[in-house]
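Residues per chain, in single letters:
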Amino acid sequence: MAGKNQHVVPTPKGKWGVRGEGNSKITKETSTQTQAIDIARGIAKNQESEVVIHRKDGTIRDKDSFGKDPCPPVDKKH
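### Focus on the overall build of the protein
Stage number 1. Each helix and strand counted, the protein has one helix and five strands in total.
Stage number 2. Start at the N end of the protein and walk to the C end: the helices and strands fall as β-β-β-α-β-β.
Stage number 3. Out of the 78 residues in the protein, the part that is buried amounts to 28%.
Stage number 4. Here the analysis covers contacts within the protein between residues at least 6 apart in sequence; of these, 30% occur between residues at least 24 apart.
Stage number 5. Of the roughly 5400 Å² that the protein leaves accessible, carbon and sulfur atoms contribute 51%.

### A closer look at the pairing of strand 5 (residues 60–65)
Stage number 1. Inspection of the sheet shows strand 4 (residues 50–54) paired to strand 5 by five bridges, in the antiparallel sense. Along strand 5, the bridge assignment pairs Glu50 with Ser65.
Stage number 2. Counting the residues that bridge the hairpin from strand 4 to strand 5 gives five residues, and of these Gly58 lies at a positive phi of roughly 95°.

### Some words on the nonpolar core
Stage number 1. Grouped together as the largest cluster of nonpolar side chains are 10 residues: Val8, Trp16, Val18, Ala36, Ile37, Ala40, Ala44, Val51, Ile53 and Phe66.
Stage number 2. Of all the secondary-structure elements, those providing two or more residues to this core are strand 2 (16–20), helix 1 (33–47) and strand 4.
Stage number 3. With four residues, the single largest contributor to this core is helix 1.
Stage number 4. When residues no more than four places from it in sequence are discounted, the contact partners of Ala40 are Gln6, Val8, Val18 and Val51.

### Considerations on helix 1
Residues spaced three or four apart along an α-helix point in a common direction, a consequence of the helix completing one turn every 3.6 residues.
Stage number 1. Helix length check: helix 1 (15 residues) gives 21 Å between terminal C-alpha atoms against 21 Å at 1.5 Å per residue, within 8%.
Stage number 2. Those residues of helix 1 that sit buried are Gln33, Ala36, Ile37, Ala40 and Ala44. Buried residues along helix 1 cover an arc of 100° about the axis, so they all sit on one side. The exposed residues of helix 1 that point more than 90 degrees off its buried face are Thr34, Lys45 and Asn46.
Stage number 3. The first or second residue beyond helix 1 is Glu48, which carries a positive phi of 55°.

The rules behind these values
Residues numbered from 1 in each chain as written. Predicted model: local features only at pLDDT ≥ 70, side-chain atom pairs only at ≥ 80, totals over all residues. Heavy atoms only, no water. Helix = DSSP H or I, 4+ residues; strand = E, 2+ residues; numbered from the N terminus. Buried < 20%, exposed > 50% of the residue type's maximum accessible area, 1.4 Å probe, protein only. Contact = heavy atoms within 4.5 Å. Areas by Shrake-Rupley, 256 points an atom, 1.4 Å probe, with all protein chains shown as cover. Pairing = 2+ DSSP bridges. Core = buried A, V, L, I, M, F, W, Y, C linked by side-chain atoms within 4.5 Å. Expected span 1.5 Å × (residues − 1). Arc of directions from axis to C-beta.

So this is what it looks like as structure tokens:
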């Protein structure tokens with residue numbers, strides 16, 4: 001069973017946070033989005049879930065899956 005998807009979101013303090021899907025609290029706060037993405041990827045790989053990266057306005061910028069898909073699409077980004 002896969003874990004919670006990890007969302008990289010802007011915080012009210014002007015920083016970036018990693019938050020598990022459905023959680024109200026930020027798991028980890030960083031000063032850059034890149035740092036938050038790296039942390040979220042580590043958690044998602046461990047939990048075999050997905051990273052959802054948001055823009056500063058809250059809209060979704062990108063997603064990256066680390067689950068076990070029996071028929072995965074070709075990854076054109078990595």
